[in-house]
Amino acid sequence: MSKPIVVIGSLNMDFVVQMEKLPLRGETVRGWAFQMLPGGKGANQACTAGRLGGCCRMVGCVGEDVFGEQLKSSLQSAGVDTGAVKTVREEATGVALINVESGGQNQIVVAAGANARLSPVDVESALIMVQEGYLLTQLESPMETVEAAARLARARGMVTILDPAPARPLSTSLLQNIDLLTPNETEALLLLGQRASAVNLEEAREIASQLLKRGPRQIIVKLGEKGAWLADWQGGRHFPAPKVTAVDTTAAGDTFNGALAVGLAEGRSLDQAIPFANCAAAISVTRLGAQASIPSRHEVAALLTQHAQFIPA
């Protein structure tokens, strides 16, 4: 039986505009399409877990407005328990303004809104009946809440997975309560105080080794089209990703994390769960939007079958 997955994090309504190239400072560019789509890093991960068959519960805050209702409805349609999503009157539901250029690269501005009201008390209430399972969290919630979530989840025997996005400095006390830290290339470098740049596999190996010294038990550096690099104190290994044509990379990392949690919750090893997550993320970048791009279980299974060579024997 699959273990429970609890996602603690953000719910945002995404306003997405497609364009030929991203604007420079002070520049106006012409877009050719606009969509309003459910998003938020926490909600994206929860939606992925639910859509892929995980037993998932979302913990977060929305405003008392139509966006909040739409975001909860999107999660419920994916099979996610939203009983711990609190409605607050003091703030509007969070929003994200997303520009997407040809080729899939994006530029995102987030207004936290109600997400800033998620407190350690909310987390404690949501976790009180949970034994074991998996915790997914990110950095679009107040830092004291993220730290409380990791600490409380560890105390309840849960495996803690942190997506350190949006990138910011993290305390040693938080990192020491993390089992799996899953930065992308940019986030990994910023956590080490280095300038963002493209990373090759040898550089990923070194970056992961340095991050391990900060406290997490294992590191997965998400490398986009190059796949992922897994590292622990026994060594490291590379997991290639399927080759696809990217349309929009929004929520690819969230899709990876949600799928990774599902694989682990179903009893897969990391060597099996990472290829599963790579395939889910690969499908997501071929579509526009965050939750709108998340694939079904059947789609991920089909792509994984086509790329069985990516699964270690």
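Please read all numbers here as calculations on a predicted model, not as lab measurements.

S.K.: Can you break down the overall build of the protein residue by residue, with the values?
M.R.: Helix and strand content of the protein: 10 helices and 13 strands. For the protein, whose C-alpha radius of gyration is 18 Å, the value lies close to the compact-globule estimate of 20 Å for 313 residues. Partitioning the contacts of the protein with sequence separation of at least 6, the portion at a separation of at least 24 is 68%. Carbon together with sulfur atoms contributes 52% to the accessible area of the protein, which is approximately 13,400 Å² in total. Taking the average location of the 27 positive side-chain charges in the protein and that of its 30 negative ones, the two points are 3 Å from each other.

S.K.: Outline the sheet that holds strand 7 (residues 106–111), listing residues and values.
M.R.: Spatial ordering of the open sheet is given by 3-2-6-7, a layout of 4 strands whose pairing is mixed. The open sheet has two edge strands with one neighbour each: strand 3 (31–39) and strand 7. Between one strand axis and the next, the sheet turns by 15 degrees as a mean value, whatever way the strands run. As judged from the 8 bridges shared by strand 2 (residues 12–19) and strand 6 (residues 94–101), these two strands associate in the parallel manner.

S.K.: So, the layout of surface pockets: which residues are in play, and what are the values?
M.R.: In this structure, the largest pocket encloses a volume near 1,300 Å³. Lining the largest pocket are 46 residues, and of these N106, N184, T249, A252 and G253 lie nearest its centre. Contributions of two or more residues to the lining of the largest pocket are made by strand 2, helix 1 (41–51), strand 6, strand 7, helix 6 (185–191), helix 8 (252–265) and helix 9 (270–284). Counted by class, the lining of the largest pocket contains 21 nonpolar, 15 polar and 10 charged residues.

S.K.: Quick one: what's the story with the state of the cysteines, residue by residue and with numbers?
M.R.: Going through the model one piece at a time under the given rule, you end up with 0 disulfides. Distance from the sulfur of C61, which forms no disulfide, to the nearest cysteine sulfur (C56) is 16 Å.

S.K.: With reference to specific residues and values, describe the sheet that holds strand 11 (residues 218–222).
M.R.: Read across the sheet, 9 strands follow the order 5-4-1-8-9-10-11-12-13 without closing on themselves; strand pairing throughout is mixed. Each of the sheet's edge strands pairs with one partner strand only, and the pair in question is strand 5 (81–88) and strand 13 (235–239). Here 2 bridges tie strand 9 (residues 159–162) to strand 10 (residues 180–181), and the two strands are oriented parallel to one another. For L162, the partnering residue across the bridge sits in strand 10 and is L181. Against the sheet, helix 2 (residues 66–77) touches strand 4 (55–63) and strand 5, its axis set at about 170 degrees to strand 5.

S.K.: So what's going on with the packing of helix 9 against helix 10 (residues 297–306)? Residues and values would help.
M.R.: The interhelical angle for the contact between helix 9 and helix 10, taken along N-to-C directions, is 115 degrees, at an axis separation of 9 Å. Here helix 9 lies roughly perpendicular to helix 10, going by the angle between them. Here helix 9 runs over helix 10; the crossing is right-handed. Contacts between helix 9 and helix 10 involve P275, F276, C279, A280, A282 and I283 on the former and, on the latter, R297, E299, V300, L303 and L304.

Parameters at a glance
Residues numbered from 1 in each chain as written. Predicted model: local features only at pLDDT ≥ 70, side-chain atom pairs only at ≥ 80, totals over all residues. Heavy atoms only, no water. Helix = DSSP H or I, 4+ residues; strand = E, 2+ residues; numbered from the N terminus. Rg over C-alpha atoms; globule rule 2.2 N^0.38 Å. Contact = heavy atoms within 4.5 Å. Areas by Shrake-Rupley, 256 points an atom, 1.4 Å probe, with all protein chains shown as cover. Lys, Arg positive; Asp, Glu negative; His and termini not counted. Charge placed at Lys NZ, Arg CZ, Asp CG, Glu CD. Pairing = 2+ DSSP bridges. Axes fitted to C-alpha atoms, helices over the stretch in contact; angles between N-to-C directions. 1 Å grid on protein atoms, 1.4 Å probe; cavity = no way out; pocket = protein on both sides within 12 Å on 5 of 7 lines; lining within 4 Å. Points joined across faces, edges and corners; volume = space filled by probe spheres on them. Nonpolar A, V, L, I, M, F, W, Y, C, P; charged D, E, K, R; others polar. Disulfide = S-S within 2.5 Å. Parallel < 35°, antiparallel > 145°, perpendicular 65-115°, else oblique. Left-handed = near helix turned anticlockwise from the far one by under 90°.

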